[in-house]
Structure formats: structure tokens, C-alpha cells
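Examination of the molecular architecture
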Amino acid sequence: MGRSLKLLGAAVCVVMVGCASPTPRQQEVADAGREQVAALLDSFVVAMREQSADLLPPLLSPVLKRHEVRRLCRELTLGSMLARYSGYTLEVQEAVDDVRWKRWQGDRLELEVDGSATVGKPFTEEFVFVKADDEWRILDFEIGQPVRGDPIEVPAELEMVLLPTVRRIIEKLEAGEAASLHYEVLPEHSRYRRPIQTWWERLTQEAPPPVIMLMQDMKLVKVLQIEDWPEPEDVLHYEFAPPNGVTAVYEVFYVWPAAGIDEADTLRIEMTFMPSDEGWVFYLLRLRGEAIPYS
């Protein structure tokens, strides 16, 4: 009886070991899956670093509809512009090596991949992969998306498109050519703005006019004491403007003793551009600072 139990126990152990270890074919499937998914992730990193959504479609599953492909391309385009993704990289090999061989036997894989960038905190991205005809492809992913005011890095070719208009606006403001800027450059909807009040201003001051002409703001720039107007390339930075635009931000220091501004304040010049069928168009100009009422 004792000998029978020992033999039975040995047989059970053999079965359990067999279940815990892949067959040669299963191991082959797992190895191929790791290799393919690693290659997909490496290519995804390249698309992010190059800010090129054109590199994404070949990585995607053919079951995706066109509007789904466009959505993912848009998310990559916007996400790749985030300044916190500069120098984007993923711990690809670590991620695929952590996937047990059994998970590679199916046709769907959800994977979290740790990543890092040149600056900022480490992050974790989420991907969904599907397999058809022994080929893995990306079905979906979730990466960070910018919100209004997020610092972004625009591609060099886009910056070259924006800079001529930026220079023209800065030159006219510096020269005090408010009227020329108002009528020749600004789109009509950009010529007025709604006033902004702090909660304290709402409690202690009369209500401002419903709209303020931007011409008034631009004329004020003429009376500010601005010591230096640096070249746009030297001080320009970019922020995200929903839904898919870019705000070029130019800042200079000024004082205005006549108005009680004796300590240096920042004049923030915001120039917003939006994509259109004709390319990127100048959309909005806003000036902000203590000298600009209700800004």
C-alpha cells in the first residue's frame, strides 16, 4: 500500500511538472510573441521620439476601423508633443520578459510598460495587443495627453511655420503699431476678449465691461518700460491649446512707474495657432500682466 502511494505521488509530480513547463511548441510561440511585441514597442518609441504619427499605422491591428486608426494617430501626435515625454523611452525587454509563457498562447495581451524621459517622473503606459495569423499587432494604447497650458515641444518643421507670424506680431508690438497689428494680422474674433476677474475683484470692484477691445491692450504696451525685446527664438516656449492647437508664449519684463508698477512684472504675449485644411493659421492673441486690465 505504501509503495503504491509513493508511485502515485511520483506520477502526480510528473504531471504537475509537465503542466508547469511549456512544450517546445508553446515555448516557440512565447519566444516569437516576446520578439514581435518587443519590436512593436521599440517602433512605438521611435514614433514618439520623432513625433511622427505616420510611423504608427503599420504597427496597428488590421481589424481597426479607419476612425480608430485616426484616433490613435491623434493621441500619439498630441502625446508626443508633451515636454514631459522629451527623450521618451520604454523598458521594453523587461516588460515582455515578465510575461509568462502561458499568456503568449492566447490571441490578446494587455501589457503595462514602465517608461521614463529626460525630465519628469517615471510613468507607466498601457498597451493592448492582438494576434492574427501568428502576428502580433497593437490594438490600443493609453498614453498621457496634454491639457490646456501644458508645456509642449513642437517639431522643428512646425516651429518654422509659426515663427514668421510670431516675429511679425512681436515687431509690431515693439514698434507700437497697434492699429496695423489689429487690422492686418488679427483675425476678427481675436480683436475682443472677455475680462477676467479674481474673486477679490468681483467682491470689491464694479463689474468690468462685457468685452474689452484688444486694441486697448496693445496700445498699453507702448507706454510700458521694456528694457529688452529678445529674439523670439531665444525666449519662446510653447503650450497646448485645446483641442489640437499650439500657443507660442513670449515673455518680457517691464515696469510702469506711472501706474504704480515699480517692480519688474512679466508681460506675457500668447499667440495661438490652430491646424486647418490650409495648414496652421494664426487664431488668437492675448496679452497678460498687471498692466493689462482684467487679463
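Structure: above.
Residues numbered from 1 in each chain as written. Predicted model: local features only at pLDDT ≥ 70, side-chain atom pairs only at ≥ 80, totals over all residues. Heavy atoms only, no water.

**What to know about a negative patch on the surface**
Stated formally: Like-charged residues are merged into a patch within 9 Å and nonpolar side chains (Val, Leu, Ile, Met, Phe, Trp, Tyr) within 5 Å, provided each residue has over 30% relative accessible area and no salt bridge. Residue exposure ignores everything except the shown protein chains as possible cover, and the areas themselves are Shrake-Rupley values with a 1.4 Å probe. Any Lys or Arg side-chain nitrogen located within 4 Å of an Asp or Glu carboxyl oxygen qualifies as a salt bridge. Here the positive residues are Lys and Arg and the negative ones are Asp and Glu; neither His nor the chain ends is included. In this description, the location of a charge corresponds to atom NZ of lysine, CZ of arginine, CG of aspartate or CD of glutamate. Runs of H or I in DSSP of at least four residues are treated as helices and runs of E of at least two as strands, each being numbered from the N terminus. Accessibility here uses a 1.4 Å probe with only protein chains present; expressed as a share of the type maximum, an area under 20% marks a residue as buried, one over 50% as exposed, and anything in between as partly exposed.
A surface patch of negative charge is lined by Glu91, Glu94, Asp97, Asp98, Glu112, Asp114, Glu126 and Glu142. Sorting the residues of the negative patch by element identifies helix H4 (92–97) and strand S2 (108–116) as the ones contributing at least two each. Residue placement: Glu112 occurs in strand S2. With a relative accessible area of 55%, Glu112 lands in the exposed category.

**What about the nonpolar core?**
Grouped burial of nonpolar side chains is what soluble globular proteins tend to show. Stated precisely, the cut-off is as follows: The definition of a nonpolar core used throughout is a set of buried Ala, Val, Leu, Ile, Met, Phe, Trp, Tyr and Cys residues joined through side-chain atoms within 4.5 Å. The criterion used for residue contact is that any of the two residues' heavy atoms lie within 4.5 Å.
One finds Leu173, Met218, Leu267, Ile269, Met271, Leu285 and Leu287 to be the most contacted residues of the largest nonpolar core, which totals 42 residues. Elements that contribute at least two residues to this core include exactly helix H5 (156–175), helix H6 (178–185), helix H8 (214–223), strand S8 (237–241), strand S9 (245–256), strand S10 (261–276) and strand S11 (279–288). For this core, the leading source of residues is H5, giving 7 residues. When neighbours within four sequence positions are excluded, Leu173 is seen to be in contact with Leu181, Met218, Val221, Trp229, Ile269 and Leu287. Leu40, Leu60, Tyr88 and Leu109 belong to the second largest nonpolar core, which has 41 residues in total.

**Describing H6**
The complete set of buried residues in H6 reads Ala178, Ser180, Leu181, His182 and Val185. Structurally, H6 contributes buried residues whose contacts are with H5, strand S7 (212–213), H8 and S11.

**So, helix H2 (residues 24–49)**
Quick note on the threshold: Here the expected span of a helix is defined as 1.5 Å times the quantity of residues minus one.
For H2, built from 26 residues, the straight-helix expectation of 38 Å at 1.5 Å per residue is met to within 8% by its first-to-last C-alpha distance of 38 Å. In this fold, the buried residues of H2 make contact with helix H3 (66–80), strand S1 (89–90), H4, S2, strand S3 (123–132) and strand S4 (135–142).

**Some thoughts on the packing of aromatic side chains**
Selection rule: Put simply, two rings from Phe, Tyr or Trp (the six-membered ring, in Trp's case) pair if the centres are within 6.5 Å, and we call them stacked under 30 degrees between planes, edge-to-face over 60, tilted for the rest.
Across all of its chains, the model carries 11 aromatic pairs by this definition. On the numbers, 5.0 Å between centres and 65° between planes, the contact of Phe44 with Phe141 is edge-to-face. Of this pair, Phe44 sits in helix H2 while Phe141 sits in strand S4; the two residues are 97 residues apart in sequence, bridging distant segments of the chain. As far as the burial class goes, Phe44 and Phe141 line up, both buried.

**Quick look at unusual backbone geometry**
Following Pro242, the chain continues into Pro243 via a peptide bond in cis, with omega recorded as 5°. With respect to the helices, strands and loops of the structure, Pro243 is situated in the loop between S8 and S9. Within the chain, Gln51 stands out as a residue other than glycine whose phi angle is a positive 50°. Relative to the helices and strands, Gln51 resides in the loop between H2 and H3. With a relative accessible area of 21%, Gln51 lands in the partly exposed category. Phi at Asp134 is positive, roughly 65°, even though this residue is not glycine. Its location among the elements puts Asp134 in the loop between S3 and S4.

**With respect to a nonpolar patch on the surface**
Together, Tyr192, Val211 and Met213 give the surface a local cluster of nonpolar side chains, amounting to about 250 Å² of exposed area. For Tyr192, the location among the structural elements is in strand S6 (residues 192–193). The partly exposed category is assigned to Tyr192, whose relative accessible area is 41%.

**Brief notes about the pattern of salt bridges**
Side chains carrying opposite charge are able to pair once their charged atoms draw close together. Under the definition given, this model contains 16 salt bridges. In this structure, the salt-bridge partner of Asp150 is Arg84, at a minimum N-O distance of 3.9 Å. Of this pair, Asp150 sits in the loop between S4 and strand S5 (151–152) while Arg84 sits in the loop between H3 and S1, placing them 66 residues apart in sequence. Glu135 serves as the salt-bridge partner of Arg137, at 3.7 Å between the closest nitrogen and oxygen. Judged by its relative accessible area of 39%, Glu135 is partly exposed.

**Here we look at the sheet that holds S5**
Operational definition: Strand pairing follows a simple DSSP-based rule, namely that at least 2 bridges must link the two strands.
Across the sheet, which stays open at both edges, the 5 strands sit in the order S5-S8-S9-S10-S11 with antiparallel pairing between neighbours. Where the open sheet ends on each side, the last strands, each with one partner, are S5 and S11. When S10 meets S11, the two strands line up antiparallel, connected through 9 bridges. The residue bridging Ile269 from the neighbouring strand is Leu287, located in S11.

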